[in-house]
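Letter by letter, the chains look like this.
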Amino acid sequence: MLNGKPGVSDATRQSVLSALDVLGYERPTQLRGERARLVGLVLPELQNPIFPAFAEVIGGALAQQGLTPVLCTQTKGGVSEADYVELLLQQQVSGVVFAGGLFAQADAPHDHYRLLAERNIPVVLINASITDLDFPCIACDDAVAVEQSWRHLVSLGHERIGLVLGPSDHIPSRRKLAAAREAAQALHSELPEEFVERAIFSLEGGQAATSRLLERGVTGIICASDPLALGAIRAARRRGHHVPRDISVVGYDDSAFMTCTEPPLTTVRQPIEAMGRAAVDLLCAQIQGTEVPHGELLFEPELVVRGSTAQASAK
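Remember, predicted model here, so these are calculated numbers, not experimental data.

Scoring rules and cut-offs
Residues numbered from 1 in each chain as written. Predicted model: local features only at pLDDT ≥ 70, side-chain atom pairs only at ≥ 80, totals over all residues. Heavy atoms only, no water. Helix = DSSP H or I, 4+ residues; strand = E, 2+ residues; numbered from the N terminus. Buried < 20%, exposed > 50% of the residue type's maximum accessible area, 1.4 Å probe, protein only. Contact = heavy atoms within 4.5 Å. Areas by Shrake-Rupley, 256 points an atom, 1.4 Å probe, with all protein chains shown as cover. Pairing = 2+ DSSP bridges. Axes fitted to C-alpha atoms, helices over the stretch in contact; angles between N-to-C directions.

Asker: I'd love a proper account of the overall build of the protein, names of residues and values included.
Answerer: Each helix and strand counted, the protein has nine helices and twelve strands in total. A burial count over the protein gives 54% of its 315 residues as buried. Within the protein, counting contacts between residues at least 6 apart in sequence, those at least 24 apart form 74% of the total. Of the roughly 14100 Å² of accessible surface on the protein, a fraction of 50% belongs to carbon and sulfur atoms.

Structure below.
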């Protein structure tokens, strides 16, 4: 790849070389017989602040172990996750960390993950995964996150609670939906199908999905990410509603600057520092030849109540 090996397009090779340049690392001059001290860090995007936060923690923890992260970020029309995996394999990386990605989407292609397994490359996944990938996985407990959010809104008197989730094949969103149904049943409230909306993970996606929910009379909205929640607040305002007096909104992640929004966002915090360090510990153990459990390690989320939720208004 980086040493001019045929079969890799110039555009793809330049994308990875540019990533090395941006991170300030020397371009490898030749491949060695032993694995490089490089670790691929594959992210689905950088627009959601949660992913740069993960990159900072994981990159710092890798550096402490004498490993160099190579940031691989997907962009629309750019290098695909499978392309990045091929390039990282040719560079003989010591391992790969996926912080979100296609492994969390049931209908996405997964052959590149199986290729890593066949080559015995150490891999750690961060986020809930499809069931048939045999890698160690670090995840925040989606069920607990939704239960906390649901109980919070019910305690404020909300009876018509809606969900803004990711696509239907998105595993964390599936878990959130199942948890919401259980919470609704346990608390003797309801979650009709028309109160569940799907969206792409963006502010605009959250705005469009919330507009549909508001037409159906919801007063509380639980979102699967902070950008979705910010879109929900925008949708409420565009329709003349006040947040939180008329509509309460709960996010998920507690990513950067959520204290600086207006109103400050009530959200569920993922323990980014602990999750990122655990991922690196699992990866380094594999690199050193230690057997690690290939199950899922669940981390506890924490509801952070701020200014986007309030008592349901009397009708």
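Asker: Quick rundown of the sheet that holds strand E5 (residues 137-140)? Include the residues and the values.
Answerer: In spatial order, the strands read E2-E1-E3-E4-E5-E11; together these six strands make up an open sheet with parallel pairing. If you trace the sheet from one side to the other, it starts and ends with strand E2 (68-73) and strand E11 (296-299), each paired once. For this sheet, the mean inter-axis angle between neighbouring strands, taken without regard to orientation, is 20°. As judged from the two bridges shared by strand E4 (residues 123-126) and E5, these two strands associate in the parallel manner. Within the sheet, the bridge partner assigned to Ile126 lies in E5 and is Ile138. Most of the contacts of helix H2 (residues 50-64) go to strand E1 (residues 38-43), to which it runs at about 170°, and overall it touches E1, E2, strand E3 (95-99) and E4.

Asker: Residue-level account of the pairing of E5, with values.
Answerer: Neither face of E5 is exposed, since Cys137 and Ala139 on one face and Ile138 and Cys140 on the opposite face are all buried. Taken together, the four bridges between E5 and E11 define a ladder with parallel strand orientation. Looking at the pairing, Cys140 lines up with Phe299 of E11.

Asker: Can you break down the sheet that holds strand E12 (residues 302-304) residue by residue, with the values?
Answerer: Whether parallel or antiparallel, the strands of a sheet pair through hydrogen bonds between backbone atoms. The mixed open sheet is built from six strands, whose spatial order is E7-E6-E8-E9-E10-E12. The open sheet is flanked by strand E7 (196-198) and E12, the only strands paired with a single partner. With direction set aside, neighbouring strand axes in the sheet form an average angle of 20°. Where strand E9 (residues 248-253) meets strand E10 (residues 266-269), four bridges bridge the pair, whose relative direction is parallel. The residue bridging Asp253 from the neighbouring strand is Arg269, located in E10.

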